[in-house]
Amino acid sequence: MRLRRRDFLQAIVVTAAAVPFSGCGSDDDGGGSTAADPDAEFPQGLASGDPKPDSVVLWTRAVPVSGSGSVKVRYEVALDEAFESMVAQGSVSVTEDSDWTVRIKPVGLEPYTQYYYRFKAGKMVSDVGRTKTAPTADQDVNVRFAFASCQDFIGRYYHSWKAFLEQEEPVDFVVWLGDYIYETNGDPDFQLNDPNRKIDIQDGIQLLPDSDPTVKAASSLADYRGIYKQYRADENLRKAHQMFPFITIWDDHEFANDCWQDHSTDFNEAKGEEKNTPRREAASQAWFEYQAADVDWDAAAAFPNDLTIYRTLRYGKHVELILTDQRSYRSDHVIPEAATGGQKPEGAPADVPTYAEAGKLSAHSSLGSRNFVRKAGFDKIEAYVKPTMLGDEQKKWLIDTVKGSNATWKIWGNETQLVQMALDLSSFQLPALFQGNYYFTVDQWDGYRTERAEILNELSGVTNLVAITGDIHAFYAGELYVDFDNPTPTPMAVEYVTAGISSSPAQEITENTVNSSDALKNFGLGDLVPQFDTILTSTSPHYKYAKSLSHGIAIMEVDGDKEVRVTFVQIADVKSPTWDGTAERVKFRTASGSNTVEIVS
């Protein structure tokens with residue numbers, strides 16, 4: 001190790017088994033590879049993440065040219081792009097046990113400082129990465145960061161990342177709010193078939209064995225690793241990681257759609273309970289290997305104790321980022337997919353409605369279970385079941401952390417939408433079966449409304465709480481209340497929801513669902529889809545902005561103790577291989593102490 005600036009500068013190498021390693025190496029480049037193309041040695045580029053005042057995690061994947069064996073990887077960290085002011089260097093050997101992923105954590109760095117880093121393997125040198133440490137908790141600095149989610153690769157292109165890289169000013173970091181990968185290939189519910197933009201799943205679970213055996217969901221460690229490798233090879237995503245540190249959490253698709261704990265919902269329980277702990281553990285291990293997150297993975301522990309991702313990062317005087325995990329500890333959805341309309345929760349008294357009163361029409365369907373659920377009936381059922389989204393331990397941690405923070409702004413990195421998302425169809429010319437007030441999806445916080453009210457009530461005295469959210473594939477800005485049905489005169493917090501980088505928008509998914517059913521079209525539901533946002537905002541006035549047919553990324557600027565400003569960078573088309581350079585920007589502000597959303601332009 002060559003030391004500069006601070007004598008105690010050191011590096012910790014974290015492998016897939018989370019084994020600390022002292023990064024003391026010689027000046028030998030190591031390896032002996034003769035690869036002609038650096039991408040052959042570093043095919044997924046490099047990345048950094050979880051910046052703290054004295055450390056940041058650095059990542060790459062260095063594959064052996066021979067396809068097997070170990071690779072000796074050298075790392076270098078410097079204050080300048082030419083690497084003349086080196087602050088750390090060392091080497092480590094990686095093997096297929098971690099899929100040749102490399103995780104370095106230099107510590108003892110200077111706060112709020114830009115660094116450059118690179119890796120070497122054999123004769124090959126990686127691209128140069130740029131990263132930045134966090135300011136100390138007492139540093140009075142403004143903060144600018146991006147937040148993003150949902151980047152389906154199948155038949156879709158990452159023009160949102162291109163717009164971010166080419167048209168936006170630099171940010172301090174990027175918060176990733178989940179659905180970094182999609183675990184399926186060609187799922188007809190929301191994915192396209194494009195031979196130029198597809199993934200290969202080595203093993204997998206066949207989702208449509210009778211009609212298309214190529215439609216699969218990942219099931220093995222090799223499957224999940226393979227998907228990350230294909231996603232991380234995208235040039236725009238690689239560039240974003242190269243230029244900015246990421247702070248990353250997962251949502252459902254890093255494991256399985258609408259998952260809870262170690263259960264998937266691939267078949268709506270038509271094949272029985274969908275508990276698969278080895279699959280969940282494989283997904284968690286692959287996420288750990290492919291993200292530059294400052295967390296520990298314990299190979300000897302069983303899910304969910306193998307990996308804890310909820311955590312907090314302080315960024316100067318004004319920002320505390322609190323990140324939650326809304327999949328690992330949540331209860332099952334209140335209405336089981338396998339249930340019929342005549343059923344109700346086990347042991348429920350007479351005043352608890354049947355599932356039919358919540359819109360459950362048939363067994364083994366997400367309709368009336370996770371999606372398009374009748375509000376009045378569901379609310380009574382949910383109040384009896386009282387499911388949890390976070391689990392008791394994480395819920396207490398969240399409340400204590402937010403209430404205990406002395407940062408000006410408490411930013412809750414929240415995977416699924418908090419704002420109540422109801423659509424009232426009572427006034428439309430529809431069959432009586434479809435008239436009523438519906439939750440769009442109860443996979444988000446609407447399905448866990450008792451716990452949501454408990455948390456928001458606990459946090460209602462906190463000044464300047466802002467939730468940033470992904471998952472729903474739409475741009476929303478809204479104001480939060482403990483009880484959305486009986487709101488107080490002033491909101492208790494605000495929420496900004498970013499659309500997907502590329503994933504099928506909420507309105508597009510709705511349109512595809514309606515159009516795939518002659519019955520739904522004939523009943524007139526298809527005519528309502530273009531009115532999606534109008535119906536939403538009229539039913540749910542706590543939405544101050546809604547754009548349910550878009551893609552893109554969001555930028556937040558924290559202006560000290562004055563205000564936060566948010567820009568939604570909206571991209572219309574991600575299905576064409578080339579981007580026309582068009583991006584619409586809509587801007588908002590939340591003044592300190594106001595708990596309100598104001599549209600600026």
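Our structure's up above, just so we're on the same page.
Quantities reported herein were computed from a predicted structural model and do not represent experimental measurements.

**Observations regarding the overall build of the chain**
If you tally the helices and strands in the chain, you get 11 helices and 30 strands. Over its C-alpha trace the chain gives a radius of gyration of 24 Å, about what one expects of a compact globule, namely 25 Å for 601 residues. In terms of overall dimensions, the chain has C-alpha extents of about 75 × 55 × 50 Å along its principal axes. Looking at the 601 residues of the chain, the share that counts as buried comes to 61%.

**Section: the environment of arginine 370**
One can find arginine 370 in the loop between strand 18 (319-323) and strand 19 (371-374). When the C-alpha atoms of arginine 370 and aspartate 97 are compared, they prove to be 38 Å apart, with 273 residues separating the residues in sequence. Beyond its immediate stretch of four places on either side in the chain, arginine 370 contacts Asn257, Asp258, Thr265, Asn268, His333, Glu337, Phe440, Thr441, Val442 and Asp443. Reaching out from arginine 370, the side chain makes a polar contact with the side chain of aspartate 258 at a distance of 2.7 Å.

**As for the pairing of strand 14 (residues 205-208)**
Sheet analysis places strand 14 next to strand 15 (residues 212-217), joined by 3 bridges and oriented antiparallel. Considered in strand 15, the bridge of glutamine 206 is made with lysine 216. Here strand 14 hands over to strand 15 after 3 residues, the two strands then running antiparallel side by side.

**A few points about the pattern of salt bridges**
Counted under the stated rule, the structure contains 42 salt bridges. Linking arginine 225 and glutamate 289 is a salt bridge whose minimum nitrogen-to-oxygen distance equals 2.7 Å. Here the residue arginine 225 occupies a position in helix 3 (residues 221-232), and glutamate 289 occupies one in helix 5 (residues 277-290), the gap between them amounting to 64 residues. Ionic pairing is found between arginine 565 and glutamate 563, a salt bridge with its closest N-O pair at 2.7 Å. Its relative accessible area of 27% is what places arginine 565 among the partly exposed residues. Taken together, the salt bridges that share partners define one network made up of Asp251, Asp252, Arg327, Arg330 and Asp443.

**Remarks on the nonpolar core**
Ranked by size, the top nonpolar core spans 87 residues in total, and within it Phe145, Phe147, Trp161, Tyr496 and Met556 carry the most contacts. Apart from residues no more than four positions distant in its own chain, tryptophan 161 is found in contact with Ala148, Gln151, Val174, Trp176, Asn236, Leu237, Ala240, Phe246, Ile501 and Ile553. In this structure, Leu465, Ala506, Ile535 and Tyr543 belong to the second largest nonpolar core, which totals 45 residues.

**Remarks on the pairing of strand 23 (residues 465-469)**
Most of strand 23 is tucked away, with 5 of its 5 residues classed as buried. Side chains Leu465, Ala467 and Thr469 of strand 23 all project onto a buried face; the interleaved residues Val466 and Ile468 project onto the opposite face, where all are buried too. Sheet topology note: the strand 23/strand 25 (residues 493-497) ladder contains 4 bridges and is parallel. Across the sheet, valine 466 pairs through a bridge with valine 494, a residue of strand 25.

**Regarding the side chain of aspartate 50**
Inspection of the secondary structure puts aspartate 50 in strand 3 (residues 46-52). Polar side-chain contacts of aspartate 50 include one of 3.0 Å to the side chain of arginine 311. Among residues more than four places away in sequence, those in contact with aspartate 50 are Ser55, Val56, Phe246, Ile247, Thr248, Ala292, Ala293, Asp294, Arg311 and Leu313.

**Description of the sheet that holds strand 24 (residues 475-480)**
Strand order in the open sheet formed by 7 strands is 17-18-20-23-25-24-26, and the pairing between neighbours is mixed. Two strands lie at the open edges of the sheet, namely strand 17 (311-315) and strand 26 (543-547), each paired on one side alone. Pairwise comparison of adjacent strand axes, ignoring direction, gives a mean angle of 20° for this sheet. Here strand 24 runs beside strand 26; their pairing, made up of 4 bridges, is antiparallel.

**Quick notes on helix 11 (residues 532-539)**
Those residues of helix 11 not exposed but buried are Phe532, Asp533, Ile535 and Leu536. Looking straight down helix 11, one finds that the buried residues subtend no more than 165° of arc, so they occupy a single side. Opposite its buried face, helix 11 presents the exposed residues Thr534 and Ser538, each directed more than 90 degrees away. Of the surrounding elements, those touching the buried residues of helix 11 are strand 21 (422-424), strand 22 (437-441), strand 24, helix 9 (506-515) and strand 26.

**Focus on the packing of aromatic side chains**
Applying the stated rule across the entire model yields 32 aromatic pairs. Members of the aromatic cluster, joined through ring pairs, are Trp59, Trp161, Phe164, Trp176, Tyr180, Tyr228, Phe244, Phe246 and Tyr290. Directly above the aromatic system of tyrosine 158 lies the positively charged group of arginine 197, at a separation of 4.8 Å from the ring centroid. In this arrangement the basic side chain of arginine 232 is found over the ring face of tryptophan 59, its NZ or CZ atom lying 4.1 Å from the centre.

Parameters and conventions
Residues numbered from 1 in each chain as written. Predicted model: local features only at pLDDT ≥ 70, side-chain atom pairs only at ≥ 80, totals over all residues. Heavy atoms only, no water. Helix = DSSP H or I, 4+ residues; strand = E, 2+ residues; numbered from the N terminus. Rg over C-alpha atoms; globule rule 2.2 N^0.38 Å. Buried < 20%, exposed > 50% of the residue type's maximum accessible area, 1.4 Å probe, protein only. Contact = heavy atoms within 4.5 Å. Polar contact = N/O pair within 3.5 Å; in protein donor to acceptor, adjacent residues only side chain to side chain. Pairing = 2+ DSSP bridges. Salt bridge = Lys/Arg side-chain N within 4 Å of Asp/Glu carboxyl O. Core = buried A, V, L, I, M, F, W, Y, C linked by side-chain atoms within 4.5 Å. Axes fitted to C-alpha atoms, helices over the stretch in contact; angles between N-to-C directions. Arc of directions from axis to C-beta. Phe/Tyr/Trp six-rings, centres within 6.5 Å; stacked < 30°, edge-to-face > 60°. Lys NZ or Arg CZ within 6 Å of the ring centre and 35° of its normal.

The values reported here are purely geometric and, on their own, carry no functional implication.
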